[in-house]
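# Commentary on secondary and tertiary structure
Now for the letters of each chain:
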Amino acid sequence: MINIVLFGKPGAGKGTQAEFLKGKYNLTHLSTGDIFRFNIKNETELGKLAKTYMDKGDLVPDEVTIQMLQSEVDNNPDSAGFLFDGFPRTLAQAGALDRFLESKGQQITATVALEADDEILVQRLLERGKTSGRPDDQDEEKIRNRYDEYNEKTAPLMDYYKEQEKFYAVDGIGSIADITERLSTVIDNL
Ligand code: ADP
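Fair warning: this is a prediction, and the values are worked out from it, not measured in the lab.

### Some thoughts on the nonpolar core
Counting 21 residues, the largest nonpolar core has L69, V73, F84, L97, I108 and Y161 as its most contacted members. The biggest single contributor to this core is helix α5 (residues 91-103), with 5 residues. The residues touching L97, leaving out its near neighbours within four places in the chain, are L69, F84, F87, P88 and I108. Core analysis: the second largest hydrophobic core is formed by 16 residues, L27, V112, V170 and I187 among them.

See the structure below:
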């Protein structure tokens, strides 16, 4: 069983790459952003709550996010492994994930980061915002706030996984196929 955390700043291409990797390695793809957006679309209580944070580019509170993620894992008992996309995003989430997996006799195999320069990513998100319909992609101030959230709360996770010797990084600039290739090289060598 392999469990991979796909790591990267907003717009780094996690979702795009996850689409390829999940098929290639038979992994269950869990994107917390997608799950929140699904809940917003269906106007669930969780969706209504998440929306108040997401629309501003703030992180949804840990408690809510951790609980949601755990129930998604529990809903896939036959999975051959998970591809976590957009989770964990805080140290509290990373610790909770480790403890949760451990309670199931599992662990994170590796964290793979897609690296790219902030300015390129901000432009990508503004471009995506023209067609994605995502309120958090349409306003440069909200996008910048997501980067502030990332720098303050998510970036420290790199050290967390480095200490566990589970951190790998690939260059996130290039064609989609080239980047899939880079990620595959890391995963194949685990
Ligand atoms: P991106 O990586 O482009 O910002 P996502 O779809 O991963 O897009 O996330 C969109 C928003 O969903 C985040 O800005 C945040 O509000 C919320 N979100 C997603 N994952 C988490 C998480 N693990 N913890 C807290 N909030 C999250």
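Next, the rest of the story.
### Details of helix α7 (residues 140-154)
For α7, which comprises 15 residues, the first-to-last C-alpha distance of 20 Å matches the rise-based estimate of 21 Å (1.5 Å per residue) to within 8%. Buried within α7 are the following residues: I143, R146, Y147, E149, Y150 and T154. The buried residues of α7 occupy an angular sector of 155° when projected down its axis, which confines them to one face. Residues E141 and E152 are exposed on α7 and point more than 90 degrees away from its buried face. Close packing links the buried residues of α7 with β1 (4-8), α6 (118-132) and α8 (157-163). At the N-terminal boundary of α7, the capping side chain belongs to D139, with an oxygen 2.8 Å from the backbone nitrogen of E141.

### Remarks on the pattern of salt bridges
Scanning the entire structure with this criterion turns up 15 salt bridges. Residue K9 is joined to D118 by a salt bridge in which the shortest nitrogen-to-oxygen separation is 2.6 Å. Taken together, the positions of K9 in the loop between β1 and α1 (14-25) and D118 in helix α6 put the pair 109 residues apart, joining distant regions of the chain. On the basis of relative accessible area, D118 is assigned to the partly exposed category, the value being 24%. A salt bridge links R128 to D137; its shortest N-O distance comes to 2.7 Å. Counted as one network, the salt bridges with shared partners bring together R128, R134, D136, D137 and R146.

### Regarding helix α9 (residues 176-188)
For α9, which comprises 13 residues, the first-to-last C-alpha distance of 18 Å matches the rise-based estimate of 18 Å (1.5 Å per residue) to within 8%. Within α9 the residues assigned to the buried category are I179, T180, L183, S184, V186 and I187. Along α9, the residues classed as buried sweep out an arc of 160° about the axis, all on the same side. Of the exposed residues in α9, the ones pointing more than 90 degrees away from its buried face are A177, E181 and D188.

### Observations regarding the packing of helix α2 (residues 32-41) against helix α4 (residues 62-74)
Relative orientation of the contacting elements α2 and α4 amounts to 95°, with a least axis distance of 11 Å. In terms of orientation, α2 lies roughly perpendicular with respect to α4. Only T65, M68, L69 and E72 of α4 make contact with α2, whose side of the interface consists of T32, I35 and F36. Looking at side-chain class alone, the contact of α2 with α4 contains 4 nonpolar, 2 polar and 1 charged residues.

Each value, and the rule that gives it
One numbering rule holds for all chains: residues counted from 1, following each sequence as written. Only residues with pLDDT of 70 or above have their local features reported here, since the model is predicted, and side-chain atom pairs are shown and tallied only from 80 upward, although totals for entire chains, interfaces and linings are computed over all residues. Remark: hydrogens and water are excluded; side-chain values derive from all non-hydrogen atoms of the structure. Residues belong to one nonpolar core when they are buried, are Ala, Val, Leu, Ile, Met, Phe, Trp, Tyr or Cys, and are joined through side-chain atoms within 4.5 Å. Throughout this description, buried means an accessible area under 20% of the type-specific maximum (1.4 Å probe, protein chains only), exposed means over 50%, and partly exposed covers the range between. Only DSSP runs of H or I reaching four residues or more are called helices, and only runs of E reaching two or more are called strands; each is numbered from the N terminus. Contacts: residue pairs with any heavy atoms within 4.5 Å of one another. Expected span, for any helix, means 1.5 Å times one less than how many residues it has. Within this analysis, the arc is defined by the directions that extend from the helix axis to the C-beta atoms. Two N or O atoms count as a polar contact when they lie within 3.5 Å, although within protein this holds only if one can serve as hydrogen donor and the other as acceptor, and sequence-adjacent residues are included solely when both atoms are side-chain atoms. The salt bridge definition used is simple: a Lys or Arg side-chain nitrogen within 4 Å of an Asp or Glu carboxyl oxygen. For helices, the axis comes from a line fit to the C-alpha atoms of the stretch in contact; other axes are also lines fit to C-alpha atoms, and the angle between any two N-to-C directions lies between 0 and 180 degrees. Roughly parallel means an angle under 35 degrees; roughly antiparallel, over 145; roughly perpendicular, 65 to 115; everything else is oblique. The nonpolar class holds Ala, Val, Leu, Ile, Met, Phe, Trp, Tyr, Cys and Pro. Asp, Glu, Lys and Arg form the charged class, and all remaining residues, Gly among them, are polar.

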